[in-house]
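# Residue-level structural notes
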Amino acid sequence: MLELKNVTKKFNLTGALDDERIALDNISLAISPGEFVTIIGGNGSGKSTTLNIISGSLKPDSGIITLNGRDITKLKEYQRAAYFGRVFQDPMKGTAGDMSVLENLEIAYNRGRRHSPIKWGFSEKHKEYFINELKRFDLGLEDRLSQKVGVMSGGQRQALTLLMATMRNNPTYQMMRRDYILFSGLKEEDARKEFDQEFSSKKAILDEHIRTIKLDSSISKNDKKEMIRNAKDEFDRQIREKFDLTKQILLLDEHTAALDPKTAKKVLELTNKVVRENKMTTLMVTHNMKDALTYGDRLIMFHLGHIILDVKGKEKEKLSVEDLLKMFDEADKKAENE
Ligand SMILES: Nc1ncnc2c1ncn2[C@@H]1O[C@H](COP(=O)(O)OP(=O)(O)OP(=O)(O)O)[C@@H](O)[C@H]1O
Ligand SMILES: [Mg+2]
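Treat the numbers as computed from the prediction; the structure is a model and nothing was measured. (Residues numbered from 1 in each chain as written. Chains lettered and ligands numbered in written order. Predicted model: local features only at pLDDT ≥ 70, side-chain atom pairs only at ≥ 80, totals over all residues. Heavy atoms only, no water.)

Here we come to the site of ligand 1. Taken together, 14 residues lie around ligand 1, and Asn43, Gly44, Lys47, Ser48 and Thr49 are the ones closest in. A distance of 2.7 Å is found between an oxygen atom of ligand 1 and a backbone nitrogen or oxygen belonging to Gly44. Side-chain polar atom of Ser48 to an oxygen atom of ligand 1: 2.8 Å apart, as the coordinates give it. In the complex, 70% of the free accessible area of ligand 1, which totals 630 Å², lies under the protein chains. When residues of the shell around ligand 1 are traced back to their parent elements, those giving at least two are β2 (21–31) and α1 (47–55). Broken down by class, the residue content of the shell around ligand 1 amounts to three nonpolar, eight polar and three charged. (Near = heavy atom within 4 Å. Polar contact = N/O pair within 3.5 Å; in protein donor to acceptor, adjacent residues only side chain to side chain. Areas by Shrake-Rupley, 256 points an atom, 1.4 Å probe, with all protein chains shown as cover. Helix = DSSP H or I, 4+ residues; strand = E, 2+ residues; numbered from the N terminus. Nonpolar A, V, L, I, M, F, W, Y, C, P; charged D, E, K, R; others polar.)

With that out of the way, let us pick up the layout of surface pockets. Here the largest pocket defines a volume of roughly 1600 Å³. Residue lining of the largest pocket: 48 residues in total, with Tyr129, Arg168, Asp236, Arg240 and Asp244 positioned closest to the centre. Counting residues per element, the ones that place at least two in the lining of the largest pocket are α3 (101–110), α4 (124–137), α5 (154–166) and α8 (221–243). Counting the residues that make up the lining of the largest pocket, at least three belong to each of domain 1 (101–166) and domain 2 (173–243). (1 Å grid on protein atoms, 1.4 Å probe; cavity = no way out; pocket = protein on both sides within 12 Å on 5 of 7 lines; lining within 4 Å. Points joined across faces, edges and corners; volume = space filled by probe spheres on them. Domains from an automatic or database assignment.)

Structurally, the position occupied by Leu270 is in helix α9 (residues 261–277). In this structure the C-alpha to C-alpha distance between Leu270 and Arg136, which are 134 residues apart in sequence, comes to 9.2 Å. With residues up to four places along the chain from it excluded, the contact list for Leu270 reads Phe137, Leu139, Ala159 and Leu162. (Contact = heavy atoms within 4.5 Å.)

Following the sequence through the fold, Thr161 ends up in helix α5. Those residues in contact with Thr161 that lie beyond four places of it in its chain are Arg86, Val87, Gly94 and Thr95.

This paragraph deals with the nonpolar core. Ranked by size, the top nonpolar core spans 40 residues in total, and within it Leu2, Ile39 and Leu283 carry the most contacts. Residues within four places of Ile39 in sequence aside, it is in contact with Lys47, Leu51, Leu283, Met284, Val285, Thr286, Ile300 and Phe302. By size, the runner-up hydrophobic cluster in this structure holds 30 residues, among which are Phe137, Leu250, Leu268 and Val274. (Core = buried A, V, L, I, M, F, W, Y, C linked by side-chain atoms within 4.5 Å. Buried < 20%, exposed > 50% of the residue type's maximum accessible area, 1.4 Å probe, protein only.)

Relative to the 24 Å expected for 17 residues at 1.5 Å per residue, helix α12 (residues 321–337) spans 25 Å between its end C-alpha atoms, a close match to the ideal helical length. Among the residues of α12, those classed as buried are Leu324, Phe328 and Ala331. Buried positions in α12, seen along its axis, are confined to an arc of 70° and lie on one side of it. When the buried face of α12 is taken as reference, the exposed residues oriented beyond 90 degrees from it are Glu322, Lys326, Lys333, Lys334, Glu336 and Asn337. Buried residues in α12 make contact with β3 (36–41), α10 (289–294), β9 (298–303) and β10 (306–312). (Expected span 1.5 Å × (residues − 1). Arc of directions from axis to C-beta.)

Spelled out as structure tokens, the structure:
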């Protein structure tokens, strides 16, 4: 669960008292795990500010942000980065143009490993994994692994950024443990116990399995190596499936606005697929009201730093673009009269 509680954010560019602008006015919002929320609202209504406060690139003046019950308000952007994937409007922003597709993916993959040295280049070991991920995207990117991202189209770059924003970061077990204790939503003591017990019991099974393989004289040396590797991979998969909390939340800020209509649709479809398959909690800002109605489980409308509409399920399905336009107009009129 991601929660904003009474969040207020003001901007004051000149320092003059009468120049204060309220970007968010005491906003509260609770988003359930796996929920796909579309966000609409006029220019300057507070949509991007909300996403920036969630990701930590802006600090609220007051109010708190919690993730699975943990207060993350004071965590710096880089400290939360592993939990949030972001895609911005500008296709240039999410990827490094002078690096290849593979190099970009490798950097995204290693981002959660805070203690590893930054590697420029990629490891052969991850190549197969990246190719499989790219194939899911069905854009032919798996055939252009060594191509520089800078020569790719905006749509391809956004698709790649989307993959980088949703791909698990492969943290070390130690990091997973620390993060599970911090972000699982369980009491610290319980989270620690659960991780340690599960890890050591699975590790004991693995060790026993490896011991029997080693002792079995009917298996060739090469086969043994392969079996041990498979056993370790399976252990790794099980631990990650349960304890890897990275990339839980996806923040999309008009990520298809700079694309032509056909490409925009393709990237949106892709977004929907990835969000559903990875069961990610998603906030998608868009100016396209039709998209806001078509996609997602819940729709939120911002107006001058307030949430003026929050609907889901049947109530959302009933809405039309005309309904939304009417609400915008009414909110504008009301604000003018105040
Ligand atoms: N870094 C900043 N410095 C000063 N004012 C800012 C800053 N960021 C946002 N604002 C102001 O806060 C208000 C909300 O801005 P925000 O970017 O959240 O709007 P938005 O809903 O994303 O709009 P748009 O649809 O144009 O992207 C606006 O009045 C904006 O001018
Ligand atoms: Mg914005």
